[in-house]
Amino acid sequence: DVKVTQSSRYLVKRTGEKVFLECVQDMDHENMFWYRQDPGLGLRLIYFSYDVKMKEKGDIPEGYSVSREKKERFSLILESASTNQTSMYLCASSRGRAGNTEAFFGQGTRLTVV
Amino acid sequence: AQSVTQLGSHVSVSEGALVLLRCNYSSSVPPYLFWYVQYPNQGLQLLLKYTTGATLVKGINGFEAEFKKSETSFHLTKPSAHMSDAAEYFCAVSKTGTYKYIFGTGTRLKVLA
């Protein structure tokens, strides 16, 4: 059974903290994604990576960075957490660049910044 | 640029009634289209996808969708709603040569007993 695993389901962090969200996939997928989900806004792409050490900004990269040192792992970093980063964060992975394969999602991390 | 519009952020149906969730897309080239379902506090799970071939696509849990190029639509249907169908549904689009997906804003389905 294919899996995308996010390290935490729920996190509570303080304003100004550096926060790491970890994601691991076991499908040998080239592509990995971090999305943010907010009510009424759907899924918004923060960053994605199409290869090890490669990354591209998505639609809302401000306040975030990412790291992909190994193919199976993609980390999202909040350099200095703020209350407006309270949200559900979803990691996903997919195969190839043909566009016709689906993304597989993790269970999500609900982050609260206080 | 590609975009996805889901009409109706909330839809309520009675148990046993037809489910119809609407999705329209804009794309300058033939798109690939996906429907995902999200249960509370879960990630997204693929329901079905259209890539090429038959325009009527069948998915899991009795759902199906029809790709209509002339209407730029990919509406999701199920003949008879079940209580367990209550969830949020997302339509998404991608295209050849890209590995990015564009998601709609989602439709929350409520099933009434």
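Now for a description of the structure that goes with this document.

Here is what the cut-offs are and how they apply
- Residues numbered from 1 in each chain as written.
- Chains lettered and ligands numbered in written order.
- Predicted model: local features only at pLDDT ≥ 70, side-chain atom pairs only at ≥ 80, totals over all residues.
- Heavy atoms only, no water.
- Helix = DSSP H or I, 4+ residues; strand = E, 2+ residues; numbered from the N terminus.
- Rg over C-alpha atoms; globule rule 2.2 N^0.38 Å.
- Contact = heavy atoms within 4.5 Å.
- Areas by Shrake-Rupley, 256 points an atom, 1.4 Å probe, with all protein chains shown as cover.
- Lys, Arg positive; Asp, Glu negative; His and termini not counted.
- Charge placed at Lys NZ, Arg CZ, Asp CG, Glu CD.
- Pairing = 2+ DSSP bridges.
- Axes fitted to C-alpha atoms, helices over the stretch in contact; angles between N-to-C directions.
- Core = buried A, V, L, I, M, F, W, Y, C linked by side-chain atoms within 4.5 Å.
- Buried < 20%, exposed > 50% of the residue type's maximum accessible area, 1.4 Å probe, protein only.

### Quick word on the overall build of chain A
Thought 1: When helices and strands are counted, chain A shows 0 helices and 11 strands.
Thought 2: Along chain A, helices (α) and strands (β) appear in the sequence β-β-β-β-β-β-β-β-β-β-β when read from the amino end.
Thought 3: For 114 residues, the compact-globule formula gives about 13 Å, and the C-alpha radius of gyration of chain A, at 13 Å, lands near that figure.
Thought 4: Of the contacts formed within chain A by residues at least 6 apart in sequence, a portion of 55% connects residues at least 24 apart.
Thought 5: Accessible area of chain A: about 5,500 Å², with a carbon and sulfur share of 49%.
Thought 6: With 17 positive and 15 negative side-chain charges, chain A shows a separation of 4 Å between the mean positions of the two kinds.

### Side note on the sheet that holds strand S1 (residues 4–6) of chain A
All names here are of chain A.
Thought 1: If you trace the 4 strands from one edge of the open sheet to the other, you get S1-S3-S8-S7, paired in antiparallel fashion. Both edges of this open sheet fall to S1 and strand S7 (64–70), since each of them pairs with a single strand only. Between one strand axis and the next, the sheet turns by 20 degrees as a mean value, whatever way the strands run.
Thought 2: Looking at chain direction, S1 and strand S3 (residues 19–25) are connected through 3 bridges and run antiparallel. Its bridge partner lying in S3, Gln6 is registered against Cys23.

### A few points about the nonpolar core
All names here are of chain B.
Thought 1: Counting 26 residues, the largest nonpolar core has Trp35, Leu48, Leu76 and Tyr89 as the members making the most contacts within it.
Thought 2: Within the residue set of this core, elements represented by two or more residues are strand S2 (10–14), strand S3 (19–21), strand S5 (31–38), strand S6 (44–50), strand S8 (64–68), strand S9 (73–78), strand S10 (87–95) and strand S12 (107–112).
Thought 3: Sorting elements by how many residues they give to this core places S10 first, with 4 residues.
Thought 4: In this structure, Tyr89 is in contact with Gln6, Leu21, Trp35, Tyr36, Val37, Leu47, Phe63, Leu76, Gly106, Thr107 and Leu109, ignoring residues within four places of it in sequence.

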